[in-house]
Amino acid sequence: ASNGSVGEVFYQAVEFSASADVAVLTPKFEMVPNVALFLATVLRFEGKTLFSYTRKWGLDRLEMSAVWVPVTAEGDLNIKYINEVMAASKFAP
């Protein structure tokens with residue numbers, strides 16, 4: 001959410017409608033629930049830590065945001081590590 005509850009992030013597995021106050025992020029890879037929930041948590045932390053109602057996380061700031069995620073030696077998202085972290089958490093589907 002870029003307005004109201006700034007920085008709230010959710011994973012939505014099915015089609016939905018969103019207002020103009022919601023930035024919809026579309027992955028460039030096949031999204032699976034474990035990875036989506038992990039990334040939503042990382043993004044929510046980023047959003048809630050750096051942004052607020054008076055310092056909104058609009059598209060301009062969203063495009064400039066950097067988010068730290070685990071990667072392989074090749075620079076790809078480390079899906080194996082994310083799955084291990086999620087399996088050890090109570091949030092795994």
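Residues numbered from 1 in each chain as written. Predicted model: local features only at pLDDT ≥ 70, side-chain atom pairs only at ≥ 80, totals over all residues. Heavy atoms only, no water.

Our next topic: the overall build of the protein. Looking only at helices and strands, the protein has three helices and zero strands in total. Ordered by position in the sequence, the α and β elements of the protein form the string α-α-α. When each of the 93 residues of the protein is scored for burial, the buried share is 23%. When contacts within the protein are restricted to residue pairs at least 6 apart in sequence, those whose partners lie at least 24 apart make up 60%. Of the roughly 6900 Å² that the protein leaves accessible, carbon and sulfur atoms contribute 59%. (Helix = DSSP H or I, 4+ residues; strand = E, 2+ residues; numbered from the N terminus. Buried < 20%, exposed > 50% of the residue type's maximum accessible area, 1.4 Å probe, protein only. Contact = heavy atoms within 4.5 Å. Areas by Shrake-Rupley, 256 points an atom, 1.4 Å probe, with all protein chains shown as cover.)

Together, Phe16, Val22 and Val24 line one region of the surface with nonpolar side chains, adding up to about 250 Å² of accessible area. A residue is classified by how much of its surface remains accessible, and Val22, at 37% relative accessible area, is partly exposed. (Patch = residues over 30% accessible without salt bridge, like charges linked within 9 Å, V, L, I, M, F, W, Y side chains within 5 Å. Salt bridge = Lys/Arg side-chain N within 4 Å of Asp/Glu carboxyl O.)

What tends to happen in soluble globular proteins is that the nonpolar side chains get buried as a cluster. Counting residues in hydrophobic clusters, the biggest one holds six residues: Val35, Phe38, Leu39, Val42, Ile82 and Met86. With four residues, the top contributor of residues to this core is helix 1 (residues 33–50). Apart from the residues within four sequence positions on either side, Leu39 is in contact with Phe29, Met31, Val69 and Leu77. (Core = buried A, V, L, I, M, F, W, Y, C linked by side-chain atoms within 4.5 Å.)

Looking now at the environment of Asn78. Within the fold, Asn78 resides in the loop between helix 2 (59–64) and helix 3 (79–88). In this structure the C-alpha to C-alpha distance between Asn78 and Val35, which are 43 residues apart in sequence, comes to 9.5 Å. If we skip the residues at most four places from it in the chain, Asn78 touches Pro70, Val71 and Thr72.

The next subject is the environment of Pro70. Within the secondary structure, Pro70 sits in the loop between helix 2 and helix 3. Residue classification places Pro70 among the buried residues on the basis of a relative accessible area of 19%. Separated by 12 residues in the primary sequence, Pro70 and Ile82 place their C-alpha atoms 7.6 Å from one another. Setting aside anything within four residues of it in sequence, one finds Pro70 in contact with Phe38, Asp76, Leu77, Asn78, Tyr81 and Ile82.

Confidence along the protein averages 79 in pLDDT terms, with 74% of residues attaining 70 or more. No element of the protein has a lower mean pLDDT than helix 2, at 72, and none a higher one than helix 3, at 90. (pLDDT = per-residue confidence, 0-100.)

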